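# Working through the structure, step by step
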Amino acid sequence: RNGLYDRVIEELRNAGAEVFELSGIEPNPRIESVREGVKICKEQNVDVILAVGGGSTLDASKFMAAGACVEHDPWEFFGANAKPIERALPLVTILTLSATGSEMDSGGVISNLTTGDKLGRLAPALQPKVSFLDPTLTYSVSKYQTACGSADIMSHIIEVYFNTQQDLYMLDTFMEGMLKTIVMYAPIAIAEPENYEARANIMWTSSWAINGFIDGGKRQAWSCHPIEHELSAYYDITHGLGLAIVTPRWMEHCLDETTVSKYVQFAVNVFGVDASLPPMQIAREGISRLSDFFFKTLGLQSTLSEIGIDRTHFPIMARKACGKGVLKGFKHLVPADVEKIFEMSL
């Protein structure tokens, strides 16, 4: 609808490139689409993959690129006995939706509805060689997807920011600045879809939220993403929406006297909560303001019940989220903890 497809094809034809297309990549991209892409790459002796789209298109293309260089099924790149990713076809991306940051990192997530799994993988070979980021290409993104993408970006930052390891003050303030950027510009982009300043700020924040820079010297497993991956694996919901619902409840569950100082920093520096209040009150007010931003300002559904999810699969999803029994992160979680977070999200 925005004319990008025709522009891309024209540029490729003018450059003398031979083009083989694979359209229809799903949200929460499927392993079946990856397999189809690998088949095309091998049959047509493809040299370069050009991914035009949002995070799902980019993620699927990364594993097509890797799958084209091996003989085994691409699903074998995932799971406990994952095979190495040593090579991949060069990947070029043209981003049309700001959310996952896949245009500037070496990871991706793929769903397998047959096994009920949604699994991620990182490998240097998956890093795009070139990414084109033009904020005008996101003008046509719907209000709903803009809101979901904004929640996804914030979750990427929160997963790193809420960390018991001390690191550079500069990195914390950088993360706080990115969070404040989304709080400022996401509502503007929803109200004014063709506001270049808003779209540009969201797009650049999306890339920097997950390109590894903010990790600094910290090393900590993520918590909310593995929990949400179970929701979207079982119910095929929009990833950013699932994160918006889960993240405030995860924050509530992890709040105690040993973690409260990070919540205080977040509430005061991101949402301007009064620093003179008691620490626990500041922390809970910070969670409340984040919830209000997701559910009132952005207008996202606030509970799992609203999107048709009940507790039927909570026990098995909680066990799978915890892998070998413990989901390590800001605060280590066992299946009972994850199940409680699902219950809080109802």
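The structure reproduced in this document is the subject of the present report.

Parameters at a glance
- Residues numbered from 1 in each chain as written.
- Predicted model: local features only at pLDDT ≥ 70, side-chain atom pairs only at ≥ 80, totals over all residues.
- Heavy atoms only, no water.
- Pairing = 2+ DSSP bridges.
- Helix = DSSP H or I, 4+ residues; strand = E, 2+ residues; numbered from the N terminus.
- Axes fitted to C-alpha atoms, helices over the stretch in contact; angles between N-to-C directions.
- Contact = heavy atoms within 4.5 Å.
- Buried < 20%, exposed > 50% of the residue type's maximum accessible area, 1.4 Å probe, protein only.
- Arc of directions from axis to C-beta.

The next thing to look at is the sheet that holds strand S2 (residues 91–95). Pairing in this open sheet of 3 strands is parallel, and the strands run S1-S2-S5 from one edge to the other. Each edge of the open sheet carries a strand with a single partner, namely strand S1 (49–53) and strand S5 (130–132). The sheet shows a mean angle of 15 degrees between the axes of neighbouring strands, direction not considered. Of the strand pairs in this sheet, S2 and S5 are connected by 3 bridges, and their pairing is parallel. Bridging across to S5, Thr 93 finds its partner in Ser 131. Of the strands in this sheet, S1 and S2 are in contact with helix H1 (residues 4–14), which crosses S1 at around 160 degrees. Contacts between helix H3 (residues 55–67) and the sheet are confined to S1 and S2, with S1 contributing the most and set at about 165 degrees to the helix.

Here the focus is the side chain of Ser 291. You can see Ser 291 is positioned in helix H10 (residues 279–297). For Ser 291, a relative accessible area of 16% translates into the label buried. The residues touching Ser 291, leaving out its near neighbours within four places in the chain, are Pro 248 and Lys 296.

What follows deals with helix H11 (residues 314–321). Three or four residues apart is the spacing at which side chains of an α-helix point the same way, because the helix has 3.6 residues per turn. Buried within H11 we find Phe 314, Met 317, Ala 318 and Ala 321. Down the axis, H11 shows its buried residues gathered within 100 degrees of arc, on one side only. In the core, the buried residues of H11 are packed alongside helix H7 (224–235) and helix H12 (335–345). Just downstream of H11, Gly 323 is the residue with a positive phi angle, here 55 degrees.

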